[in-house]
Amino acid sequence: MPDFDEASATRRVSPGLHSVDIDGTWSVGEVPNGGYLLALILRAALGESAHPHPVSTNAHFVAPPTAGPAEVKVEVVRTGRTIETLRATLVQDDQPRVEATITTSTLSRTSPVEWVGPPPEPVAPVDECIRAVVDLPDGTHVGLLEHVDLRLDPQTLGWFSGRPAGQLSMRGHVRLADGTQPDPVVLALAVDSLPPTVFGLGRLGWAPTVQLTVLTRSLPAPGWLTVHLRGRLVRDGWFDEEAEVYDADGALVAQSRQLARIRVT
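Residues numbered from 1 in each chain as written. Predicted model: local features only at pLDDT ≥ 70, side-chain atom pairs only at ≥ 80, totals over all residues. Heavy atoms only, no water.

1. A look at the overall build of the chain
When helices and strands are counted, the chain shows three helices and 16 strands. Here the contacts in the chain between residues at least 6 apart in sequence split such that 69% fall between residues at least 24 apart. Accessible area of the chain: about 12,500 Å², with a carbon and sulfur share of 50%. Across the chain, the centroid of the 22 positively charged side chains sits 6 Å from that of the 32 negatively charged ones. (Helix = DSSP H or I, 4+ residues; strand = E, 2+ residues; numbered from the N terminus. Contact = heavy atoms within 4.5 Å. Areas by Shrake-Rupley, 256 points an atom, 1.4 Å probe, with all protein chains shown as cover. Lys, Arg positive; Asp, Glu negative; His and termini not counted. Charge placed at Lys NZ, Arg CZ, Asp CG, Glu CD.)

Laid out in structure tokens, this is it:
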């Protein structure tokens with residue numbers, strides 16, 4: 001089974017063009033996970049960037065790709081002294097699948113924090129959390145969880161036994177099963193690795209992401225990542241999620257916001 005670096009690797013064919021091989025095991029059901037697809041896109045974009053780290057990634061999921069060969073086309077929109085803006089498109093069978101705008105710069109783990117807001121409610125310690133399983137109650141196979149070691153806070157896991165908490169909330173700890181330590185590309189995967197918050201309403205089934213924005217705030221320390229998901233509104237078949245990701249030192253290292261659809265199977 002390929003590790004994360006291998007599964008998200010890209011090959012530069014020519015300036016602005018990278019070939020990729022979408023690994024179907026990093027999927028929810030038959031659909032590749034959105035965070036995994038972002039990792040592929042970020043690898044290609046960083047291969048073209050004058051700066052080493054993504055600080056803002058805004059992706060629109062146009063159509064779900066399938067496992068197999070694809071391309072990432074990257075265009076440099078503007079290069080500055082400290083930031084660069086790029087546009088990247090994941091293309092398969094001559095059709096755009098994901099469109100992304102990425103801002104790159106240079107991040108540090110040691111820069112001082114000038115101000116930080118109050119932390120979200122705590123997550124139960126790793127050894128008190130429940131390891132996520134690859135098969136959901138509705139029969140969906142989550143191949144992603146063969147690669148991601150996910151431990152869920154019991155207070156947000158009632159949906160699994162038919163007792164949903166009745167709120168848009170999900171919390172847990174994440175690390176890669178192959179031992180790969182977190183970096184900005186892994187953070188893009190982490191923000192989309194927990195079950196959708198609508199599971200907390202008992203709304204199980206595929207919940208496809210339509211738009212996802214990831215802000216990378218710092219280089220993460222080695223070890224577990226702690227992820228908090230919250231939502232504000234479910235309406236007309238749409239719901240939102242906001243994520244905060246903290247590293248093993250307790251530093252806020254990533255934030256995200258996404259808009260997704262509810263599709264009950």
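That covers the picture; the talk isn't over yet.
2. Let's talk about the UniProt feature "domain: Acyl-CoA thioesterase-like N-terminal HotDog" (unreviewed entry) in the chain
Mapped onto this numbering, the UniProt entry gives "domain: Acyl-CoA thioesterase-like N-terminal HotDog" (unreviewed entry) at residues 23–104. Note that residues 23–104 is 18% helix and 54% strand, and that its end C-alpha atoms are spaced 26 Å apart. (UniProt positions renumbered as here; feature names shortened; annotations may be inferred.)

3. Here we look at the pattern of salt bridges
Scanning the model with the defined rule gives 11 salt bridges in all. Of the charged contacts, one joins Asp 5 and Arg 43 as a salt bridge, the two residues approaching to 3.1 Å between their closest N and O atoms. With Asp 5 in helix α1 (residues 4–7) and Arg 43 in helix α2 (residues 34–48), this pair connects stretches of sequence that are 38 residues apart. Within this structure, Arg 131, Asp 149, Arg 151 and Arg 175 form a network of salt bridges that share partners. (Salt bridge = Lys/Arg side-chain N within 4 Å of Asp/Glu carboxyl O.)

4. Some thoughts on the environment of Val 98
Examined against the element boundaries, Val 98 turns out to sit in strand β8 (residues 95–105). On a C-alpha basis, the gap between Val 98 and Leu 38 in space is 8.5 Å, while along the polypeptide they are 60 residues apart.

5. As for α2
An ideal rise of 1.5 Å per residue puts 21 Å on 15 residues; α2 measures up with 22 Å between its terminal C-alpha atoms. Of all the 15 residues making up α2, 12 are buried; the element is thus mostly covered by neighbouring parts of the structure. When we look at burial in α2, the residues that qualify are Gly 34, Gly 35, Tyr 36, Leu 37, Leu 38, Ala 39, Leu 40, Ile 41, Leu 42, Ala 44, Ala 45 and Glu 48. Put simply, Asn 33 is the residue that caps the front of α2, since its side-chain oxygen is 2.9 Å from the backbone nitrogen of Gly 35. (Expected span 1.5 Å × (residues − 1). Buried < 20%, exposed > 50% of the residue type's maximum accessible area, 1.4 Å probe, protein only. Polar contact = N/O pair within 3.5 Å; in protein donor to acceptor, adjacent residues only side chain to side chain.)

6. What to know about the packing of aromatic side chains
Applying the stated rule across the entire model yields four aromatic pairs. A centroid spacing of 5.6 Å and a plane angle of 55 degrees characterise the contact between Phe 4 and Trp 26, whose relative ring orientation is tilted. Taken as a pair, Phe 4 in helix α1 and Trp 26 in the loop between β2 (17–22) and β3 (27–28) lie far apart in primary sequence, 22 residues in all. The exposure classification of Phe 4 matches that of Trp 26, with both residues buried. Between the aromatic rings of Trp 159 and Phe 160, the centroid separation amounts to 5.6 Å while the plane-to-plane angle is 70 degrees, which identifies the pairing as edge-to-face. A relative accessible area of 36% means that Phe 160 is categorised as partly exposed. Joined through ring pairs, the aromatic side chains of Phe 4, Trp 26 and Tyr 36 make up one cluster. Between Arg 261 and the ring centre of Trp 238, over which it is positioned, the NZ or CZ distance is 4.3 Å. (Phe/Tyr/Trp six-rings, centres within 6.5 Å; stacked < 30°, edge-to-face > 60°. Lys NZ or Arg CZ within 6 Å of the ring centre and 35° of its normal.)

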